[in-house]
Amino acid sequence: MSLRSRIVLAVTTVFASISLLAGWLMLSGAESSLQTAFDRTLHTRAEWLLSLISVDPVILPLPTDTERMQVMYHSYGQARELFRSPGFPDSVDTGSGKPSRWLSHRSATVQTSSDQLSSGHVTLTLSVSDASLQQDIEKLRWVAGLGWLLSLLLAFGAGYVVAGWLLKPIQAIISQANTISDTSMSDPIPLPASRDELYQLTDTLNKMLGRIRENAELQRHFFGAAAHELRTPLAVMKTGLEVTLGDGKLTAPTTTFLTEQLDEVNRLTRLLDEFLTLSRPDEGVRLVKTIPTDIPLLIHKCLGSLAAIAADYEVHTQTELTTENSSVLFIDAGKLEHILLNLLENAIKYAVSGSNVVIEYHQKETCTIWIQNKTLRESGPTLDLIQPYFRADPFREGYGLGLWISHRLATLIGGTLRLQWTNFTFTSILTLPISLSVKS
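Residues numbered from 1 in each chain as written. Predicted model: local features only at pLDDT ≥ 70, side-chain atom pairs only at ≥ 80, totals over all residues. Heavy atoms only, no water.

## Here's the deal with the overall build of the chain
- The helix and strand tally for the chain stands at 10 helices and 12 strands.
- When the accessible surface of the chain is summed, it comes to about 26400 Å², and 60% of that surface belongs to carbon and sulfur atoms. (Helix = DSSP H or I, 4+ residues; strand = E, 2+ residues; numbered from the N terminus. Areas by Shrake-Rupley, 256 points an atom, 1.4 Å probe, with all protein chains shown as cover.)

## Quick look at the packing of aromatic side chains
- Counted under the stated rule, the structure contains one aromatic pair.
- When the ring of Trp421 is compared with that of Phe426, the centres are 5.5 Å apart and the planes differ by 85 degrees; the resulting orientation is edge-to-face. Taken as a pair, Trp421 and Phe426 share a single burial class, namely buried. (Phe/Tyr/Trp six-rings, centres within 6.5 Å; stacked < 30°, edge-to-face > 60°. Buried < 20%, exposed > 50% of the residue type's maximum accessible area, 1.4 Å probe, protein only.)

## Re the nonpolar core
- Within the largest apolar cluster, 40 residues are counted, with the highest numbers of intra-cluster contacts made by Ile299, Ile369 and Leu430.
- Ranked by residues supplied to this core, first place goes to helix H8 (residues 333–350) with eight residues.
- Leu430 has contacts with Leu336, Ile339, Leu340, Cys367, Thr368, Ile369, Ala410, Thr416 and Leu417, leaving out every residue within four places of it along the chain. (Core = buried A, V, L, I, M, F, W, Y, C linked by side-chain atoms within 4.5 Å. Contact = heavy atoms within 4.5 Å.)

## Some thoughts on the sheet that holds strand S4 (residues 121–129)
- Across the sheet, four strands lie side by side as S2-S1-S4-S3; this open sheet has antiparallel pairing. Bordering the open sheet on either side are strand S2 (78–84) and strand S3 (105–111), each of which pairs with just one other strand. Each strand of the sheet is rotated relative to its neighbour by a mean of 20 degrees, with strand direction disregarded.
- Set on the sheet, helix H1 (residues 3–51) makes contact with strand S1 (67–75), S3 and S4; between it and S3 the angle comes to about 45 degrees. (Pairing = 2+ DSSP bridges. Axes fitted to C-alpha atoms, helices over the stretch in contact; angles between N-to-C directions.)

## What about the packing of helix H6 (residues 295–305) against H8?
- Packing of H6 against H8 brings their axes to within 10 Å, and their N-to-C directions diverge by 50 degrees. One finds that H6 runs oblique with respect to H8. As H6 runs across H8, the sense of the crossing is right-handed. Contacts between H6 and H8 involve Ile295, Leu298, Ile299, Lys301, Cys302, Leu303 and Ser305 on the former and, on the latter, Ala333, Leu336, Glu337, Leu340, Leu341 and Leu344.
- Residue composition of the contact of H6 with H8, by class: 10 nonpolar, one polar and two charged. (Parallel < 35°, antiparallel > 145°, perpendicular 65-115°, else oblique. Left-handed = near helix turned anticlockwise from the far one by under 90°. Nonpolar A, V, L, I, M, F, W, Y, C, P; charged D, E, K, R; others polar.)

## With respect to the confidence of the model for the chain
- Averaged over all residues, the pLDDT of the chain equals 80, while 84% of them reach at least 70.
- Taken element by element, the predicted model of the chain shows its lowest mean pLDDT in strand S12 (residues 438–439) (44) and its highest in S4 (91).
- Contacts for the low-pLDDT stretch residues 92–102, under 50 throughout, to residues beyond four places or in other chains number 20 contacts.
- Per-residue pLDDT stays below 50 along residues 436–440; that stretch engages in 14 contacts with residues further than four places along the chain or on separate chains. (pLDDT = per-residue confidence, 0-100.)

## Some details on the environment of Val358
- Structurally, Val358 is set in strand S8 (residues 356–363).
- Each C-alpha atom of the pair Val358 and Thr319 lies 5.8 Å from the other, and the pair is 39 residues apart in sequence.
- Not counting residues within four places of it along the chain, the set of residues in contact with Val358 comprises Gln318, Glu320, Trp370, Ile371 and Gln372.

## Digging into the pairing of S2
- Bridge count between S1 and S2: six bridges; the pairing is antiparallel. Bridge pairing in S2 places Ser75 opposite Gln78.
- Remark: two residues form the turn of the hairpin made by S1 and S2, two consecutive strands paired antiparallel; Tyr76 in that turn has positive phi of roughly 55 degrees.

## Let's talk about unusual backbone geometry
- Positive phi values are uncommon outside glycine, yet Asn423 reaches one of about 55 degrees.
- Relative to the helices and strands, Asn423 resides in the loop between strand S10 (416–422) and strand S11 (425–433).
- Not every positive phi belongs to a glycine, and Phe424 is a case in point at roughly 60 degrees.
- Topologically, Phe424 is positioned in the loop between S10 and S11.
- Overall, the relative accessible area of 40% leaves Phe424 in the partly exposed class.

## Some remarks on the sheet that holds strand S6 (residues 316–321)
- Pairing within the open sheet is mixed, and its five strands lie in the order S6-S8-S9-S11-S10. Bordering the open sheet on either side are S6 and S10, each of which pairs with just one other strand. The mean inter-strand angle of the sheet, taken between neighbouring strand axes irrespective of direction, is 15 degrees.
- For S8 and strand S9 (residues 366–374), the ladder comprises six bridges, and the chain directions are antiparallel. Its bridge partner being in S9, Glu360 is matched across the sheet by Trp370.
- Sitting on the sheet, H6 touches S6, S8 and S9, and the angle it makes with S6 is about 175 degrees.
- Relative to S9, H8 is tilted by about 20 degrees, and along the sheet it contacts S8, S9, S10 and S11.

## Points about the pattern of salt bridges
- In the structure shown here, the tally under the stated rule is eight salt bridges.
- Taking the shortest distance from any N to any O, the salt bridge between Lys207 and Asp203 comes out at 3.3 Å. With Lys207 and Asp203 both in helix H3 (residues 197–245) and four residues apart, this pair spans about one turn of that helix. (Salt bridge = Lys/Arg side-chain N within 4 Å of Asp/Glu carboxyl O.)

Written as structure tokens, this is what we have:
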């Protein structure tokens, strides 16, 4: 449930509770007022009828068809009934003049004073049906209930609109924050004019973005500086190894050893180049250099570079490349080569000895490269494999950066990298867009 909905629900609940209590109190007061007015009118009618009564001689007024009347004469401790209307209710609260509200009649009792009759007094009880009063009360309850429901609906709608208006500055902050795609675009969020809680929230977010930008810059500069500093000694080592190997005076074991060292130096150089690329993600568009690239040819080139490693691990490679109706892709060949070398080297090193690493290439709506190898384990954590410094097997050589770098580079060139590990089979699926491809 959104914050706006929670605010509206809370306000509506509070309004409903308060208005229901206030409405009940007002309705009770209105009902009492109606009953009091009805009883006052009845009492006035009874007093008027009483004023028309005479005892000597006996003169009695007649009630209407909707009235029931009883006249009693009290003299010298005795009571004598002078008149009783047919249908006069037997159960009448003559003490207070207000019988129980569940009765279908309401009654009023009045009596003469000593000034009017010196020898005794006359008591008149007038009873009428309270159907009209109950109808008025019922209508009042319906009006009050419908008014409460209508006001509740209006309060809900108005609360929804007002909540949206109050949360509009927060939505503006969210929209501004969503435009920040990387640390180089983390411009400060405009501060509200009023120095309220929203001002404090915006100011806190700006300070947090500033710290994130500063830390990201420090991290990028560290990666870039470290990579640049290491490239010089690696270049010197590479040149020295190449010169020594080209001398032709080395023994076979020494030549093999130095060749392996040169391969490691080349791998470290490639790793540093990838670090340099990833240390500047905000310049990814400028760093991507697209050229026409023949994907099957590039795959064969990468397999040739890794032939010695495949022989050392006693792993064979098997290619199934669909070249019919294939297209030449406009893509960054250097970064794609880094990705393929990482994926192929990872597949070779973690494959079961004597098994095949299968490479498939298909082009339809997208360009898809499958690299599959058999593993000793049935399955593993594919999501962790694209995290930096994570190694599925700590006893295997490597830095735990290959798949992470491949994932970042694939995103940089507009592709996606998915990993699957089930049934003792590890599969890397690299998908590339072909919207900028041309038929070969």
